[in-house]
Amino acid sequence: MIEFNTEVKKLLPYDRKQYLSLKRWYGVSFQLSNNEREITLMEFVNNYEIFFKSLVEQLDSGYSWIVNHDYVDKNWFPNEDDTLESLRDLFRQNNIPNTFKGALIFTKDDLLKMTKDLILYPSAVFKQKEILYTDIDISNNTLQFVIKISGHLNIDLLSTDKELLRKIVNNNSSAKFNIIEYRGTKL
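Cut-offs used in this document
- Residues numbered from 1 in each chain as written.
- Predicted model: local features only at pLDDT ≥ 70, side-chain atom pairs only at ≥ 80, totals over all residues.
- Heavy atoms only, no water.
- Helix = DSSP H or I, 4+ residues; strand = E, 2+ residues; numbered from the N terminus.
- Expected span 1.5 Å × (residues − 1).
- Bend = angle between axes of the 7 residues up to and from the residue.
- Buried < 20%, exposed > 50% of the residue type's maximum accessible area, 1.4 Å probe, protein only.
- Pairing = 2+ DSSP bridges.
- Contact = heavy atoms within 4.5 Å.

Draft legend 1. Spatial organisation of helix α3 (residues 41–59). Look at α3: 26 Å from first C-alpha to last across 19 residues, which is about the 27 Å you get at 1.5 Å a residue. Along α3, the largest kink reaches about 30 degrees and is centred on Y48. Every buried residue belonging to α3 is among F44, V45, N47, Y48, F51, F52, L55, V56 and L59, and all of these are buried.

Okay, structure coming up:
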């Protein structure tokens, strides 16, 4: 089941203001190794889709998953472009306008079905190359852990639990990714 909820602040298992200021939060950025060449969108999808699904499986506790815009709630679709077909269809099927501002609530299975569109969201809302929209944050209903999908073709992980973050990083390290720690993280 998928829900659309405008009460984002009440839904999140963390204080959004504290998270955005990174006080008492640790973070890492998983970036594709590019060997000084441009990473294609297809390369991004092929690598991050597997990575994202693995993260969800590792973090799932049987509770809902919350997908929301990063800094401030915005219209989910500020245009009528023919991008992100599955996500736009989801809105149409539920009679939700493109101007909806709020969070999408997913079960694990529904979240996994939408993986491709979610990881492409910040860079694919607009049909034009190099025009980014907004990052999205995905969190489990019970953990202070955020999967940040960036328009800069990387996925960042943030948590108040340094040991959990270390465990997730260790479980997902590979030669495909450069792992860049946020300032002050020191895993």
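Draft legend 2. Region of the structure containing the pairing of strand β4 (residues 103–106). Of the two faces of β4, the one lined by A103 and I105 and the one lined by L104 and F106 are each fully buried. Both strand β1 (residues 3–5) and β4 contribute to a ladder of 3 bridges, which runs antiparallel. Residue pairing for β4: N5 is matched across the bridge by A103. Here strand β3 (residues 65–69) pairs with β4 via 3 bridges, running antiparallel. If you follow I66 over to β4, its bridge partner there is I105.

Draft legend 3. Quick look at the environment of N98. The topology assignment puts N98 in the loop between α4 (85–93) and β4. Linking N98 and R16, residues 82 residues apart in sequence, is a C-alpha distance of 24 Å. In contact with N98, not counting residues within four places along its chain, are N75, W76, F77, N79, E80 and R88.

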